[in-house]
Amino acid sequence: MRSLTQISVICAAGIAAASLLISGAALAGHGKAGLWTVTTRMDMPGMQMPDLSQLPPEARARMEAMHVNMPNHGMTTQHCMTQAEVDEDKPPIARKECKLVRSSVVGHTYTGDVACNGEFTGTGHVQVTYDSNEHYSGTMAMKGTHEGRPMNMHYSFEGKWISANCGNVTN
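Residues numbered from 1 in each chain as written. Predicted model: local features only at pLDDT ≥ 70, side-chain atom pairs only at ≥ 80, totals over all residues. Heavy atoms only, no water.

J.: How do you make sense of the state of the cysteines when you look at a structure like this?
T.: Note: disulfide means a covalent bond formed between the sulfur atoms of two cysteine side chains. In total, this model carries two disulfides according to the counting rule given. Here Cys80 connects covalently by a disulfide to Cys166, the sulfurs 2.0 Å from one another. Judged by the sign of its S-S torsion, about 80°, the cystine formed by Cys80 and Cys166 is right-handed. Within this pair, whereas Cys80 is found in strand β2 (residues 74–81), its partner Cys166 is found in the segment after β7 (149–163), the two being separated by 86 residues in sequence. We classify Cys166 as buried; its relative accessible area is 12%. Cys98 shares a disulfide with Cys116; S-S distance 2.1 Å. What sets the handedness of the Cys98 and Cys116 disulfide is the S-S torsion sign, and at about 110° it is right-handed. Pair noted here: Cys98 is in strand β3 (residues 98–106) and Cys116 is in strand β4 (residues 109–116), with a separation of 18 residues, a long-range link. Its relative accessible area of 8% is what places Cys98 among the buried residues. Sequence-ordered numbering of the bonded cysteines in the protein gives a disulfide pattern of 1-4, 2-3. (Disulfide = S-S within 2.5 Å. Helix = DSSP H or I, 4+ residues; strand = E, 2+ residues; numbered from the N terminus. Buried < 20%, exposed > 50% of the residue type's maximum accessible area, 1.4 Å probe, protein only.)

J.: Teacher, can you tell me more about the environment of Gly159 here?
T.: Examined against the element boundaries, Gly159 turns out to sit in strand β7. The exposure class assigned to Gly159 is buried, which follows from its relative accessible area of 0%. Apart from residues lying up to four places away in sequence, Gly159 is in contact with Trp36, Thr37, Val38, Glu134, His135 and Tyr136. (Contact = heavy atoms within 4.5 Å.)

J.: Please explain the environment of Ala84 as it appears in this structure.
T.: Here Ala84 shows up in helix α3 (residues 83–87). Taking the C-alpha atoms as reference, Ala84 lies 8.4 Å from Ala33; in sequence the two are 51 residues apart.

J.: Is there a simple way to explain the sheet that holds strand β6 (residues 135–146) in this structure?
T.: To summarise the sheet geometry, strands pair through backbone hydrogen bonds and adopt either a parallel or an antiparallel arrangement. Taken together, the seven strands give an open sheet; going across it, the order is β2-β1-β7-β6-β5-β4-β3, and neighbouring strands pair in antiparallel fashion. Of all strands in the sheet, those with a lone pairing partner are β2 and β3, marking the two edges. With direction set aside, neighbouring strand axes in the sheet form an average angle of 20°. Both β3 and β4 contribute to a ladder of eight bridges, which runs antiparallel. Directly across from Arg102, in β4, lies its bridge partner Asp113. (Pairing = 2+ DSSP bridges. Axes fitted to C-alpha atoms, helices over the stretch in contact; angles between N-to-C directions.)

J.: Explain the side chain of His79 here, please?
T.: Following the sequence through the fold, His79 ends up in strand β2. Classification of His79 by relative accessible area gives buried; the value is 4%. Engagement of the side chain of His79 in a polar contact is seen with the side chain of Glu85, the distance being 3.1 Å. (Polar contact = N/O pair within 3.5 Å; in protein donor to acceptor, adjacent residues only side chain to side chain.)

J.: Help me understand the pattern of salt bridges, please; the structure alone is not making it clear to me.
T.: Pairs can form between side chains of opposite charge once their charged atoms are near each other. Applying the stated rule across the entire model yields two salt bridges. Between Glu134 and Lys32 there is a salt bridge whose closest N-O contact spans 2.7 Å. Residue Glu134 is found in the loop between β5 (120–132) and β6, and its partner Lys32 is found in the loop between α1 (4–22) and β1 (34–43); the two are separated by 102 residues along the sequence. The class for Glu134 is partly exposed, based on a relative accessible area of 37%. Across the pair Asp113 and Arg102 runs a salt bridge, and its minimum N-O distance is 2.9 Å. With Asp113 in strand β4 and Arg102 in strand β3, this residue pair connects regions lying eleven residues apart in the sequence. What makes Asp113 buried here is its relative accessible area of 18%. Since its relative accessible area comes to 56%, Arg102 is described here as exposed. (Salt bridge = Lys/Arg side-chain N within 4 Å of Asp/Glu carboxyl O.)

The structure is reproduced here in structure tokens:
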């Protein structure tokens, strides 16, 4: 059985990567303002994303408060994308310790390199393609350390526009 420490590390790493991506999907002229659902699947050698029911009650409560669900070893979150995010020509980075170091947009595809220095220290590469204003998909690979533990993570993600009304979901 997986220890609570391992589960906490997996969740923290997953949340760190997901929070980088959640608000980082819009490119100028791509997407729509409003409520988006983003599903992220993680592949981290030797570990799997736990199901929400496997988390300690405090961690589960935090995830639920952030509108995060974790079915089938993935993570589904909701994000209220603002018009300002839609109008950007690069994705805003939600994590203060992460910065875009290089990026480009060709057609409907964004690619970029990310460098992080904080709880997670490492580098990564992200690619996002919009096939319509209401859907995007992409991949991200990150390599580095989280709280001194080596991590090599690969993510695939998909965003779907739900509605112009965000309800109680905030950025």
